[in-house]
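# Per-entry structural report
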Amino acid sequence: MSSHSQNNRDLPNIYLVGSMGAGKTTVGRYLAELLNRPFIDSDHEIETRTGASIPWIFEKEGESGFRIREQAVIHDLTQLKNIVLATGGGAVTQSENRYNLHRRGAVVYLYTPVEIQLIRTHRDRNRPLLQVDHPEQKLRDLLQVRDPLYREVAHFIVETNQGSARDLAQKILQLIRENPLTAKF
């Protein structure tokens, strides 16, 4: 086995947090590829476990019902080893999620300005919180509430408006490899 692949195994789990449209899934897939690890998207995992789409869960159970399901999934996923996990934009609103993410891996906040979020999400009908008359204002309101939570849980903050998703994945990997705090996981 090469020392590089051994080095990858010594790295902690990597958890991506951030707003809708931050690129968590895209960047996460590149990170997983670079590390030769499984990539998991917590929203997709919720859909797989329930057999229902996120919009359907929101419609039938409300946001609170969805958050209960999300908390159980994040609890389970953060106990796995050698993964890259992209969380839903609102995962940080639950204190148990922040606790599990922060203590079980390296958390990277992909910070994305609202203007870029709007461009990336404007045609996506699979985002229940954006099915409103003024999605830009909704994104601003969500960021105002969630940005402090993303910053609280994060070990690293990376701006997503500088470079391609592949470049961001490389940058994140370098940050984690060079930072001694990640040795504690």
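Below you will find a few notes about this structure. What you are looking at is a predicted structure, and each value in this text was computed from that prediction instead of being measured.

Conventions used here
Residues numbered from 1 in each chain as written. Predicted model: local features only at pLDDT ≥ 70, side-chain atom pairs only at ≥ 80, totals over all residues. Heavy atoms only, no water. Helix = DSSP H or I, 4+ residues; strand = E, 2+ residues; numbered from the N terminus. Buried < 20%, exposed > 50% of the residue type's maximum accessible area, 1.4 Å probe, protein only. Contact = heavy atoms within 4.5 Å. Areas by Shrake-Rupley, 256 points an atom, 1.4 Å probe, with all protein chains shown as cover. Axes fitted to C-alpha atoms, helices over the stretch in contact; angles between N-to-C directions. Parallel < 35°, antiparallel > 145°, perpendicular 65-115°, else oblique. Nonpolar A, V, L, I, M, F, W, Y, C, P; charged D, E, K, R; others polar. Salt bridge = Lys/Arg side-chain N within 4 Å of Asp/Glu carboxyl O. Arc of directions from axis to C-beta. Polar contact = N/O pair within 3.5 Å; in protein donor to acceptor, adjacent residues only side chain to side chain.

Another point: the overall build of the protein. From N to C terminus, the protein includes eight helices and five strands. Its helices and strands taken in sequence order, the protein reads α-β-α-β-α-α-β-α-β-α-α-β-α from the N to the C terminus. The buried share among the 185 residues of the protein stands at 45%. When contacts within the protein are restricted to residue pairs at least 6 apart in sequence, long-range pairs at least 24 apart make up 73% of them. If you sum the accessible surface of the protein, you get close to 9400 Å²; carbon and sulfur atoms cover 47% of it.

The next subject is the packing of helix α5 (residues 95-104) against helix α7 (residues 135-153). Axis separation between α5 and α7 bottoms out at 9 Å; the angle between their running directions is 30°. Taken together, the axes of α5 and α7 lie roughly parallel to each other. Residues R98, L101 and H102 of α5 pack against L149, E152 and V153 of α7. Residues of the contact of α5 with α7, tallied by class, amount to three nonpolar, one polar and two charged.

The next thing to look at is the pattern of salt bridges. With the rule as written, the count across this model stands at eleven salt bridges. Taking the shortest distance from any N to any O, the salt bridge between R49 and D76 comes out at 2.8 Å. Of this pair, R49 sits in helix α3 (residues 42-50) while D76 is found in helix α4 (residues 54-77), placing the two residues 27 residues apart along the sequence. Judged by its relative accessible area of 42%, R49 falls in the partly exposed class. Of the charged contacts, one joins R67 and E63 as a salt bridge, the two residues approaching to 3.0 Å between their closest N and O atoms. Of the two residues, R67 and E63 both sit in helix α4, four residues apart, roughly one turn of that helix. Judged by relative accessible area, which is 34%, E63 ranks as partly exposed. A single network of salt bridges, built from pairs that share partners, joins E45, R49 and D76.

So, about α3. Because an α-helix packs 3.6 residues into every turn, residues spaced three or four apart end up facing the same way. Residues S42, I46 and E47 constitute the buried set of α3. When α3 is viewed along its axis, its buried side chains cluster within an angular range of 145° and face the same direction. Where α3 begins, the capping side chain belongs to D41, and its oxygen is found 2.8 Å from the backbone nitrogen of D43. Where α3 ends, the next residue or the one after it, G51, has phi of about 70°, a positive value.

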